[in-house]
Amino acid sequence: MSSHHIVRDEQEPALLILNLEAIHRSTLSSLLEWSPTIIITGDLVNQAIDIGFKVDVVVCGRDELENTRTALNNHIPLVCLTANKIELLEVVSMHLLSSNHTALSILVDSFDTFQRSLKSSSKLDLVVYDAENKWYKVHGEFKKWFNEGQELKVIGSDYRLSGVGSKYSEENEIFTVKEEGLLTITASNAVWFGERII
């Protein structure tokens, strides 16, 4: 009997790739391990083909649609969505929710730039990866085990840290966990919580 779990497509977070340059290959490999639904933007089509990704969804401008379909003609089935950069996350979220997905991982070059451009309040569970951090959107309660010395950031206000792992030092808005343990973040409004991954 196999030790592998059976995972339906919608159970694994979909993967929206907005940048391939800034992400470490080991991070990308771990995200691709369970064969998620892969979503790219039109400007990444050639890179995705070169790397050998099986693209499931492409988001591009209306003027790019025909060339994008032609370039990805071997990627069947392929869903093509049209959106500009401002509405991209909203269009992707609506598509994923309509196909019963509940979570989305996003690869970006800069979390700060991504967060400033974030206009949508997606109903999906979001995790954003940049070159150095893994960012979780937290609204309510979030628990995670941290090792001593791990660094984390919280962007937002009106949150509380508690638990064994809440013993930390703070320098330049970077928290360093002083004691291994379970850390609980409670936020009455949505905050972004980032853990250093490199």
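Structure: above.
Below is a short write-up of the structure. Model, not experiment: these values are computed from the prediction. Throughout this description, residue numbers start from 1 for each chain and increase along the sequence as written. With the structure being a predicted model, the display of local features is reserved for residues of pLDDT at least 70 and the display and counting of side-chain atom pairs for 80 or more, all residues being used for whole-chain, interface and lining totals. Computation of side-chain values: all heavy atoms of the structure, hydrogens and water removed.

1. Structural notes on the overall build of the protein chain
To keep things clear, this is the line we draw: Under the scheme used here, helices are H or I runs from DSSP no shorter than 4 residues and strands are E runs no shorter than 2 residues, and both carry numbers assigned from the N terminus. Note on exposure labels: buried denotes an accessible area under 20% of the residue type's maximum, exposed denotes more than 50%, and partly exposed covers the range between, all computed with a 1.4 Å probe on protein chains only. In this analysis, two residues are considered to be in contact whenever any of their non-hydrogen atoms come within 4.5 Å of each other.
Helices and strands together make up the secondary structure of the protein chain, namely five helices and 12 strands. Within the span of the protein chain, comprising 198 residues, buried residues form 41% of the whole. Considering only intrachain contacts with a sequence separation of at least 6, the fraction spanning at least 24 residues in the protein chain is 55%.

2. Details of helix α4 (residues 88-98)
Within α4 the residues assigned to the buried category are Leu88, Leu89, Val91, Val92, Ser93, His95 and Leu96. A positive backbone phi angle near 70° is found at Asn100, which sits one or two residues after α4.

3. Thoughts on the pairing of strand β12 (residues 181-196)
Note the threshold: We call two strands paired when DSSP finds no fewer than two bridges between them.
As paired strands, strand β7 (residues 133-146) and β12 are joined by 13 bridges and run antiparallel to one another. When the sheet's bridge partners are listed, Lys143 is paired in β12 with Thr184. Sheet topology note: the strand β8 (residues 151-155)/β12 ladder contains four bridges and is antiparallel. Paired with Val154 across the strands is Phe193, a residue of β12. Where strand β9 (residues 159-162) lies against β12, four bridges are found, and the strand directions are antiparallel. Pairing of Tyr159 across the sheet is with Ala187, part of β12.

4. Focus on the pairing of β8
In β8, alternate side chains face the same way, and those of Leu152 and Val154 are buried while those of Glu151, Lys153 and Ile155 on the opposite face are not. The pairing of β8 with strand β11 (residues 174-177) spans two bridges and is antiparallel. Bridge assignment links Leu152 to a residue of β11, and that residue is Phe175.

By themselves these figures say nothing about function.
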